[in-house]
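These are the residues of each chain, in order.
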Amino acid sequence: MDKTVTAARKRSPAGLIILVLAAIILALLPLVIQGYWIRVITSLFMYAAMAEALNLVVGYAGYAAFGNGVFFGIGAYMTAILMTHYKWGFFPASAISGLTAMLIAFILGWPVLRLRGHYFAIATIGINMAVMEIVTYVGITGGGKGISLPLYPGDIVKQGMFFYYSMFILMLVSIAITAWIVHGRLGYGLRAIKTQPDAAEVMGIDTTLYKVYAWSISALITGIAGSLNAYWLTFLEPIYVFDIMISVEVFVMVLLGGPGTILGPILGAFFLKLLSELVWSQFTLIHMGVLGLIIVVISLFLPAGLMGLLRQAGRWRRTAPQSLGNR
Amino acid sequence: MMRRFVIYLMLVVVSAAFLLTGCGGKADQSAVDDKGEKVIKIGASLSFTGQMSREGTLTKQGYDLWQKTVNNAGGINVNGEKYKVEIIYKDDQSDAQRSAKLTEQLITEEKVNYLLGPYSSGISAATAAIAEKYNKLTIVPLANAPSLYENGYKNLFGVLPLATTYLNGVLDIAKTLDPNLKKVAIISPDALFSLSVAEGAKQYAETNGFEVVYYDKYPADAKDLSSMITKIKGAGAQILLGTGYLADGVLAVRNAKDLGYKPAIMAFTIATSIPDFRKSLGADAEGVMGGEWWTPNMQWQGDIFGSAGDYAQLFKKEFGEEPAYYSAAASVTGIILQKAIEKAGSLEVDAVRDTMRGLDIQTFWGPIRFNEKGVNVGTSGAAVSQIQNGQVVVIWPQELQQNKPIFPKP
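How each quantity is defined
- Residues numbered from 1 in each chain as written.
- Chains lettered and ligands numbered in written order.
- Predicted model: local features only at pLDDT ≥ 70, side-chain atom pairs only at ≥ 80, totals over all residues.
- Contact = placed C-beta atoms within 7 Å.
- Helix = DSSP H or I, 4+ residues; strand = E, 2+ residues; numbered from the N terminus.
- Nonpolar A, V, L, I, M, F, W, Y, C, P; charged D, E, K, R; others polar.
- pLDDT = per-residue confidence, 0-100.
- Domains from an automatic or database assignment.
- Expected span 1.5 Å × (residues − 1).
- Buried ≥ 20, exposed ≤ 12 C-beta atoms within 10 Å, placed from the backbone.
- Pairing = 2+ DSSP bridges.
- Axes fitted to C-alpha atoms, helices over the stretch in contact; angles between N-to-C directions.

Draft legend 1. Broad picture of the interface of chain A and chain B. At the junction of the two partners, chain A supplies 33 residues and chain B supplies 33 residues. Counting only elements with at least two residues in the side of chain A that touches chain B, the list comes to helix H1 (2–28), helix H2 (36–60) and helix H6 (156–182) of chain A. Among the residues making up the side of chain A that touches chain B, the classes are represented as 17 nonpolar, twelve polar and four charged.

Structure follows, in structure tokens:
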């Protein structure tokens, strides 16, 4: 654990420059691309933000939150209800949606985050299912019939830009929050909980409180992603927004990119989503199989994710000249 | 340190370049193909995988058959010039988010002006919103939830009558069979289409002098309906209407039999038109009625495919099985677009849309005419069929009747 922390510290100036550079490129990208590609990259940002949010719980606290997609659905439905039934504007609706998701995570976190390992994973799936049933049953959500949101005012170009930059900012915020947490007291506490929960407790860390904080922040980001997605897609059905596949996909992104690293989940999300986009356009009928195969190969040969691979490459390069010199 | 930085920098630049090259535009919508023929590109995002893959495949067969028929006849005639039809398919995996993305891809990358719709109303709601923003035309063959047509979209047209009218025919025929039939029970799984049908049936029943003694919904994946059936039996309902899919119909019939509940009329939305319903229920399926949007033995006639029977024959030759109404609706979607383009004499979206508004044609599917919301009002609603001796026969309306109804249900 110490090694990775120091490695991260060492790399940070170069890493920061790359991050800023990538951010500038992505910020300017809408000048050259349009339509479909705007939409594809917007969804990259959305998944990247959700993966980063999940990373807080999975990567840092070491808790397999398998049903984190529930906050995506909660955010989506809260926005839909506030905008259609109460005629709110999008921004206040979105803020309340994020806060609602956060509050629910905060309340549920107390009992659920006392569970360890598989039990917690299963409990989060249970929560996802339960909330889906509630949303289907309650009349105000439109139930199984779904709910339509108002269209974004303005033409298609403006609409594309709005969601592109909103998701982009959400992703940047999720990275910033993660970086801030990792280098702060909460981050050290979470890593202590991940490696030695009992020792952490003995050392005076309120483990449940820390985990609840991490999960709530995760829920906030995921909820806002859901809220933006709802306004973007304009139509919600419980089976779409509470689809367990959303959770699974985001989880794979975290594992693929490298859990417990700041940029890993972002990388994982970009990689998986772009890959599937390319795969889907090539193999219309067998894409699921191809995608599954790719995931298996990656998890067999890249257990530490893409960030692990990069780190490994860095280590090889560092050791190679030294050994030459020794000779 | 420096070297690694350079490598990272290159990585970023390469990936950016890769992104950009992938983003170039493509040919114009009325391009010229290899053989020098003019082509109209039409986009279709359907579900070939996922939970609606069966319906997606049936829909594609309908589109394909239309495409083949038109192209064999030379193509679509636009002011004397013949254009071949090229349908570009995309698989949305029964996922609305994906379908939205693919629709935008079809519009901005493939430059299509016309979209033939997805199967489900939920997914159509997502894609119609995008087509509306781009001012492209969407014609959906099967999505008929009323909410879809309440958004005021000017570029959306639907072939099926609204879902709310699905079981009205059953109530109509009930009146003629026995004026003492008054008590109706309606059960529905909790899903967009089913609830729309149930609400429509309830309203129609109440305005037509029936008494709805039981009305409730259940979770879409319910495995047992016996508690509902018990209540319905207790309420003394003479007519049972179920608005679910195949599994729901089978479940309701089985539970009713187990509990000794024998209504005079039992009718379901989709069950009768799918052969599996008869297969899994055997003799218990006898006398069950169903709403029927289209069957090969209906007496409709059009110029492209001939009669409904001719269409069925052609379909069987092509795919080796009887056409389901899904495929027929898909084929007629193509016909509508073709007729509108030919009548408009133009490929411009605005011209074609305005022509569609006033379109009034006869097809093997029945008459086609759109109201101001884009709903086809050429036919008033669904016909009623009944399972008799293991066969599905049309019993209502009178002019389409093949056999006298069996009443009450054995």
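So much for the structure itself; the text now carries on.
Draft legend 2. The arrangement of the confidence of the model for chain A in detail. Residue and element names in this part refer to chain A. Scored by pLDDT, chain A has a mean of 85; 90% of the residues are at 70 or more. Ignoring residues within four places in sequence, the model shows residues 1–10, a span with pLDDT below 50, making three contacts including any to other chains. Contacts of residues 323–327 to residues separated by more than four positions or lying in other chains number zero contacts, the stretch itself having pLDDT below 50.

Draft legend 3. Here's a closer look at the domain arrangement of chain B. Residues and elements named next belong to chain B. Domains assigned within chain B are domain 1 (38–161 + 298–369) and domain 2 (165–292 + 382–400). Relative to domain 2, the C-alpha centre of domain 1 lies at a distance of 30 Å. Among the residues forming the side of domain 1 that touches domain 2, the class breakdown is six nonpolar, three polar and no charged.

Draft legend 4. How the structure looks around helix H9 (residues 207–233) of chain A. Residue and element names in this part refer to chain A. A rise of 1.5 Å per residue sets the reference length of H9, with its 27 residues, at 39 Å; its end C-alpha atoms lie 38 Å apart and thus fit the reference within 8%. Within H9, 24 of the 27 residues are buried, which leaves it mostly tucked inside the rest of the structure. One or two steps after H9, the chain reaches Thr234, where phi turns positive at roughly 65°.

Draft legend 5. Structural context of the sheet that holds strand S8 (residues 211–218) of chain B. Residue and element names in this part refer to chain B. Read from one edge of the open sheet, seven strands run S8-S7-S9-S10-S11-S14-S15, paired in mixed fashion. Edge positions in the open sheet fall to S8 and strand S15 (391–396), since each of these has one partner strand only. Within this sheet the neighbouring strands show an average axis-to-axis angle of 25°, counted without direction. Here strand S14 (residues 383–388) runs beside S15; their pairing, made up of five bridges, is antiparallel. Within S15, the residue paired with Ser385 across the bridge is Val394. Most of the contacts of helix H6 (residues 192–207) go to strand S7 (residues 183–189), to which it runs at about 165°, and overall it touches S7, S8 and strand S9 (239–242).

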